[in-house]
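# Structural characterization, general
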Amino acid sequence: MFDCPKCLGKLEEKTTENIKVDVCWVCEGMWFDKGELDKVLASDSKNFKLIDLGSKEFDGKEMSEMAEELDKKIGKCPHCSEQMIKKPYEENKSVNVDVCPKECGIWLDGGEIHSLRNRTEVNRRAKIKESKDARDLMFDGIFYKIFGSKKQQ
């Protein structure tokens, strides 16, 4: 069991989207070993499952004041104890995450997982479907103008 990088809590291993992550039950922060966060977010965005860790969704709502303070704090990697670097997450630049300089993984403060769960893949698929539906409607309209009837399905 690792120490939390930001508070006095301990990290407890939980499984989400078939991936084991370490969660602090005190500050609701989450540690993802290298590559795990991308896998969780990709899986989550395909099927709209909530990230379920045997508790309420880790949205950080209960932790708002504490989360603001902890977000400012420089954490230490739970694996190598190096001071982490705060930087924008590559897939969503509006969210700053704590990254181990030795690339052990990524720390998300309480609530940041909620901000990253932006459903990118689902939104992309919805836009493709919308544009396909629009093309189909346009084609139906052109077909009707040319042939005077709706095309057969």
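Our subject is the structure listed above.
Presented here is an overview of the structure given in this document. Residue indices follow the written sequence of each chain, beginning from 1 at its first position. Local features in this predicted model are restricted to residues of pLDDT 70 or higher, and side-chain atom pairs are both shown and tallied only at a pLDDT of 80 or more, whereas totals for entire chains, interfaces and linings draw on every residue. Note that the side-chain values use all heavy atoms of the structure and ignore hydrogens as well as water.

For the rest of this paragraph, the subject is the pattern of salt bridges. Side chains carrying opposite charge are able to pair once their charged atoms draw close together. Think of a salt bridge as a Lys or Arg side-chain nitrogen and an Asp or Glu carboxyl oxygen that are within 4 Å of each other. Summed over all chains, the structure comprises 10 salt bridges. In this structure, D3 engages K10 in a salt bridge whose closest nitrogen and oxygen atoms are separated by 2.4 Å. Salt-bridge contacts for K6 lead to D109; the nearest nitrogen and oxygen are separated by 3.1 Å. Pair noted here: K6 is in the segment before β1 (11-16) and D109 is in the loop between β6 (105-108) and α3 (112-116), with a separation of 103 residues, a long-range link. For the residue pair K6 and D109, the accessibility class agrees, reading buried in each case. Because the salt bridges share partners, they merge into one network encompassing K6, D71, K86, D98 and D109. Comment: elements are numbered from the N terminus, with helices defined as DSSP H or I runs of at least four residues and strands as E runs of at least two. Think of it in three bands: with a 1.4 Å probe and only protein chains considered, a residue is buried below 20% of the maximum accessible area for its type, exposed above 50%, and partly exposed in between.

Turning our eyes to something else, we now look at the sheet that holds strand β3 (residues 30-33). Here, strands pair whenever DSSP counts at least two bridges between them. Read from one edge of the open sheet, 6 strands run β1-β2-β3-β6-β5-β4, paired in antiparallel fashion. Edge positions in the sheet fall to β1 and β4 (85-89), since each has one partner strand and no second. On average, adjacent strands in this sheet sit at an angle of 35° to one another, irrespective of strand direction. Note that strand β5 (residues 92-99) and β6 share 2 bridges and pair antiparallel. Among the inter-strand pairings, V99 is bridged to a residue of β6, identified as I106. Only C-alpha atoms enter the line fits that serve as axes; for helices the fit covers just the stretch in contact. Angles between N-to-C directions range over 0 to 180 degrees.

Let us look at the side chain of E36. As for its placement among the helices and strands, E36 is situated in helix α1 (residues 36-47). Asp and Glu are treated as the negative residues and Lys and Arg as the positive ones, with His and the ends of the chain left uncounted. Although buried, E36 forms no salt bridge, and the nearest oppositely charged side chain, K39, lies 7.3 Å from it. Every residue in contact with E36, bar those within four places of it in the chain, is listed here: I19, K20, V21 and W31. Throughout, a contact is declared for two residues whenever any of their heavy atoms are within 4.5 Å.

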